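Working through the structure, step by step
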Amino acid sequence: MQNENYFRISFPSKSVNESFARMSVASFCMQFDPTIEQINDIKTAVSEAVTNCVVHAYPDSCGPVYITTRLKGDKLTVTVRDSGIGIENVQQAMRPMFTTDAAGERAGLGFAVMQTFMDKIKVYSKPGKGTKVVMTKNIG
Ligand SMILES: Nc1ncnc2c1ncn2[C@@H]1O[C@H](COP(=O)(O)OP(=O)(O)OP(=O)(O)O)[C@@H](O)[C@H]1O
Ligand SMILES: [Mg+2]
């Protein structure tokens, strides 16, 4: 179909792959001739979503992270998914400054940042099953 395109990648939840993921989505987005602001917004949101998979999804281990990026008309959808521990209370997790990080190194602002830089984000999660973050942005 015209003006419809997608790509999929998966990689292990290693922090070294975060920049690869962010740059892959950004490269794919070049086909709609984005503004620098748009590309920076997308990179920032992807970075937060992937970092959450690296930091939270597989505590003390490593597991797969899947990204699907889809362009359809004026809409960009980026889905970041893991099969990790999941989130018990998604509403609570999405609240700014909520974090389960005991070491005090995290601000609890990842979801807030994704919400700020994309138009819409939806989080689906089940404890023990994993987490899926679907972010959409109008690129018209
Ligand atoms: N993929 C995930 N798997 C399991 N838990 C997650 C996942 N993503 C987020 N969470 C939970 O949601 C909480 C809030 O996430 P958020 O990104 O907003 O903040 P943070 O990661 O704790 O801090 P920051 O992003 O500011 O470094 C996390 O502390 C964690 O408990
Ligand atoms: Mg985070």
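Now for a description of the structure that goes with this document. What you see is a predicted model, and the numbers here were worked out from it, not measured in a lab.

1. Some details on the layout of surface pockets
Estimates place the volume of the largest pocket at around 620 Å³. Taken together, 28 residues line the largest pocket, and the ones lying closest to its centre are N52, H56, I87, T100 and F111. For the lining of the largest pocket, the elements supplying multiple residues, two or more each, are α2 (36–57), β3 (75–82), α3 (90–93), α4 (110–117) and β5 (130–138). The element contributing the most residues to the lining of the largest pocket is α2, with 7 residues.

2. Some words on the packing of helix α1 (residues 17–29) against α2
The interhelical angle for the contact between α1 and α2, taken along N-to-C directions, is 145°, at an axis separation of 9 Å. Where α1 crosses over α2, the handedness of that crossing is right-handed. Listed contacts from α2 to E18, A21, R22, M23, V25, A26 and C29 of α1 are I39, I42, K43, V46, S47, V50 and T51. The class makeup of the residues in the contact of α1 with α2 is 9 nonpolar, 2 polar and 3 charged.

3. So, the packing of aromatic side chains
According to the stated counting rule, one finds 2 aromatic pairs in the structure shown. Seen from their ring centres, F7 and F28 are 4.9 Å apart, and the 35° between their planes marks the pair as tilted. Residue F7 is found in strand β1 (residues 4–12), and its partner F28 is found in helix α1; the two are separated by 21 residues along the sequence. Overall, the relative accessible area of 17% leaves F7 in the buried class.

4. Section: a positive patch on the surface
Residues K72, K75, K120 and K122 make up a contiguous surface patch of positive charge. With respect to the helices, strands and loops of the structure, K72 is situated in strand β2 (residues 64–72).

5. Quick look at the sheet that holds β3
Pairing is antiparallel across the open sheet formed by 5 strands, whose spatial order is β1-β2-β3-β5-β4. The sheet is open, and its two edges are formed by β1 and β4 (120–126), each paired on a single side. Recorded for the sheet is a direction-independent mean angle of 10° between the axes of neighbouring strands. Across 8 bridges, β3 lies against β5 in antiparallel orientation. What sits directly across from R81, in β5, is K132. Sitting on the sheet, α1 touches β1, β2 and β3, and the angle it makes with β1 is about 170°.

6. A short note on the site of ligand 1
Taken together, 18 residues lie near ligand 1, and H56, D82, T99, T100 and L109 sit nearest. T99 has a polar side-chain atom sitting 2.6 Å from an oxygen atom of ligand 1. Contact with the protein chains hides 93% of the accessible area of ligand 1, taken as 600 Å² for the molecule alone. Taken atom by atom, the bulk of ligand 1 overlaps the largest pocket. The set of elements that each furnish at least two residues to the shell around ligand 1 consists of α2 and α4. Counting residues per element, the shell around ligand 1 draws most heavily on α2, at 4 residues.

7. A look at the side chain of K137
With respect to the secondary-structure elements, K137 resides in strand β5. For K137, the side chain forms a polar contact with the side chain of D41, separated by 3.3 Å. Not counting chain neighbours up to four residues away, the residues in contact with K137 comprise Q38, D41, I42, D74, K75, L76, F117, M118 and D119.

Rules used throughout
- Residues numbered from 1 in each chain as written.
- Chains lettered and ligands numbered in written order.
- Predicted model: local features only at pLDDT ≥ 70, side-chain atom pairs only at ≥ 80, totals over all residues.
- Heavy atoms only, no water.
- 1 Å grid on protein atoms, 1.4 Å probe; cavity = no way out; pocket = protein on both sides within 12 Å on 5 of 7 lines; lining within 4 Å.
- Points joined across faces, edges and corners; volume = space filled by probe spheres on them.
- Helix = DSSP H or I, 4+ residues; strand = E, 2+ residues; numbered from the N terminus.
- Axes fitted to C-alpha atoms, helices over the stretch in contact; angles between N-to-C directions.
- Left-handed = near helix turned anticlockwise from the far one by under 90°.
- Contact = heavy atoms within 4.5 Å.
- Nonpolar A, V, L, I, M, F, W, Y, C, P; charged D, E, K, R; others polar.
- Phe/Tyr/Trp six-rings, centres within 6.5 Å; stacked < 30°, edge-to-face > 60°.
- Buried < 20%, exposed > 50% of the residue type's maximum accessible area, 1.4 Å probe, protein only.
- Patch = residues over 30% accessible without salt bridge, like charges linked within 9 Å, V, L, I, M, F, W, Y side chains within 5 Å.
- Areas by Shrake-Rupley, 256 points an atom, 1.4 Å probe, with all protein chains shown as cover.
- Salt bridge = Lys/Arg side-chain N within 4 Å of Asp/Glu carboxyl O.
- Lys, Arg positive; Asp, Glu negative; His and termini not counted.
- Charge placed at Lys NZ, Arg CZ, Asp CG, Glu CD.
- Pairing = 2+ DSSP bridges.
- Near = heavy atom within 4 Å.
- Polar contact = N/O pair within 3.5 Å; in protein donor to acceptor, adjacent residues only side chain to side chain.
- Sits in = over half its atoms within 2 Å of the grid points.

Without other data, these values stay purely geometric and don't point to any function.
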